[in-house]
Amino acid sequence: MPVWLPRAMVLALALYACFQLGSWAFHQLIGLLINVLIAFFLALAIEPAVSRMAARGMRRGLATFLVFLVVLIGAAGFVVLLGSMLAGQIVAMVEELPSYLDSVINWVNQIFHTELSRVEVQDSVLHSDWLQKYVQNSATGVLDISTTVLGGLFRLLTIFLFSFYFAADGPRLRRALCSVLPPAKQAEVLRAWEIAVDKTGGYLYSRGLMALISGIAHYILLMILGVPYASALAIWVGLVSQFIPTIGTYLAGALPMLIAFTIDPWYALWVLGFVVIYQQFENYALQPKLTSKTVDIHPAVAFGSVIVGTALMGAVGALIAIPAVATLQAFLGAYVKRYDVTDDPRVHGRLQQRGEPVLARMRRSWRAAESNEGRGGQGRAGEHPERV
């Protein structure tokens, strides 16, 4: 046996054991890592507001606390409005349930020539086996629901705690990160951090502005139609349509359509038509103007990033996919060398002139490239047309 073989075997086993331990630790901490990632993007989103308040003499900790207080008050108000709306609709449905049952039973008796009564139907439902089993299963599932709710609250507390420290101690965190890097790398890290703050904050603020405009537009429509809880429904449509990418508008429009349908089916069609028309207005007129200076990425790239983010991290990935891709695109754009484009009809989407010789087209493209190079641009790489 060679002398080095036992040592190599021990080293290989040790590396394999370290890999297994690292894999186990990663799978155990994946939830915490996702929470930290969400907290980091949330801290990047509120960094511009905190920095402006800190520049005016306010302490960063107090500025961060005030920003989070405003966010919590807005979220609590939204939950209260939506909860009151749902509670009111549930109470109205429970109160009108006997009349609905009477109308359904009368229709069944007329069509099928039966003699059913609401009292008999209620007694048969209340004494049925499936209802008793459902109540038993619901009673046993109360503990699971409570555990899920407590876990969700603990996760929210973890995210807010990490994001608070990331935003309040942002300069200290950057100094600690740069202290272990050489000066050349420090400039790159600071530049990447600045781009991430710019893109994430711009994404959040542009989405918030579009949510405000969408909420006001839908509120006016719902008030004209006389749909109840117009303010809560408008806030719902504005937030869901903007912060759930791609399909958020249609998901948000389902709830006001359902509420409008309970009043008049034609009102639901009016809401559907308005949602579709407003979506086109937002896509082609409003969104390009608001996001051209903040998150300027192609719609196809945004849609693909949302799909990838959803596949990797679920709903959280869908929310942070667009600012992450915009940050990466802006950061890599500074390192991609670009050239002046030749004056060719195919570049502008026009057809070539028929009958024009191939050599003449090549000479014209080459002259355009040489003129651009003479003005300081870069010519197109390749051989001279006459040499070809």
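This text goes with the structure placed above it.
From a predicted model like this one, the values you see are computed outputs, not experimental measurements.

Quick notes on the rules
Every chain's residues receive numbers from 1 upward, in the order its sequence appears when written. Selection of residues for local features in this predicted model requires a pLDDT of at least 70, selection of side-chain atom pairs for listing and counting requires 80 or more, and totals for whole chains, interfaces and linings are taken over all residues. Calculated side-chain values reflect all of the structure's heavy atoms, with hydrogen atoms and water omitted. Fitted lines through C-alpha atoms give the axes, limited to the stretch in contact for helices. The angle between two N-to-C directions lies from 0 to 180 degrees. For helices the rule is a DSSP run of H or I covering at least 4 residues; for strands it is a run of E covering at least 2, with both sets numbered from the N terminus onward. What sets the label is the angle itself: under 35 degrees gives roughly parallel, over 145 gives roughly antiparallel, 65 to 115 gives roughly perpendicular, and the rest give oblique. In this scheme the crossing of two helices becomes right-handed for a clockwise turn of the near helix relative to the far one and left-handed for an anticlockwise turn of less than a right angle. Working rule for contacts: check all heavy atoms of both residues, and any pair within 4.5 Å makes them a contact. For the purposes of this section, nonpolar cores are sets of buried Ala, Val, Leu, Ile, Met, Phe, Trp, Tyr and Cys residues that join through side-chain atoms within 4.5 Å. When a residue's accessible area, from a 1.4 Å probe over protein chains only, is under 20% of the maximum for its type it is buried; when over 50% it is exposed; and in between it is partly exposed. What makes a salt bridge here is a side-chain nitrogen of Lys or Arg within 4 Å of a carboxyl oxygen of Asp or Glu, nothing more. In this description, the arc belongs to the directions extending from the helix axis to the C-beta atoms. Note on residue classes: Ala, Val, Leu, Ile, Met, Phe, Trp, Tyr, Cys and Pro are nonpolar, Asp, Glu, Lys and Arg are charged, and everything else, Gly too, is polar.

### Quick look at the packing of helix α7 (residues 170-178) against helix α8 (residues 183-225)
Contact geometry for α7 and α8: axes closest at 10 Å, N-to-C directions at 150°. Classified by the interaxial angle, the pair formed by α7 and α8 is roughly antiparallel. Remark: the crossing between α7 and α8 carries right-handed chirality. For the pair α7 and α8, the contacting residues are Leu173, Arg174, Leu177 and Cys178 in the first and Gln186, Val189, Leu190 and Trp193 in the second.

### Here's the deal with the nonpolar core
Grouped burial of nonpolar side chains is what soluble globular proteins tend to show. By size, the foremost hydrophobic cluster in this structure holds 15 residues, and its most contacted members are Met85, Leu222, Val227, Leu233, Leu255 and Val271. When residues of this core are traced back to their parent elements, those giving at least two are α3 (60-112), α8, α9 (230-243), α10 (248-263) and α11 (265-291). Apart from residues no more than four positions distant in its own chain, Val227 is found in contact with Leu222, Leu233, Ile259, Ala260 and Ile263.

### Considerations on the pattern of salt bridges
Scanning the model with the defined rule gives 2 salt bridges in all. Among the salt bridges present, the one from Glu47 reaches Arg60, with a minimum N-O distance of 3.1 Å. With Glu47 in helix α2 (residues 30-55) and Arg60 in helix α3, the pair connects residues that are 13 residues apart, well separated along the chain. Arg60 shares its class with Glu47; the two are buried. With a shortest N-O distance of 3.9 Å, Arg174 and Glu47 are connected by a salt bridge. Taken together, the residues span a long stretch of sequence, with Arg174 in helix α7 and Glu47 in helix α2 at a distance of 127 residues. Three or more residues are tied together by salt bridges with common partners; here these are Glu47, Arg60 and Arg174.

### A look at α7
The complete set of buried residues in α7 reads Gly170, Arg174 and Cys178. For α7, the angular spread of the buried residues around the axis is 65°, confining them to a single face. Seen from the buried face of α7, the exposed residues on the opposite side, beyond 90 degrees, are Arg172 and Arg175.

### Focus on the packing of α9 against α10
For the pair α9 and α10, the least separation of the axes is 7 Å and the interaxial angle reads 165°. Taken together, α9 and α10 sit at an angle that is classed as roughly antiparallel. When you trace α9 past α10, the crossing you get is right-handed. On α10, the residues that touch Leu233, Trp236, Val237, Val240 and Ser241 of α9 are Gly248, Thr249, Leu251, Ala252, Leu255, Pro256 and Ile259. Residue classes in the contact of α9 with α10 are distributed as 9 nonpolar, 3 polar and no charged.

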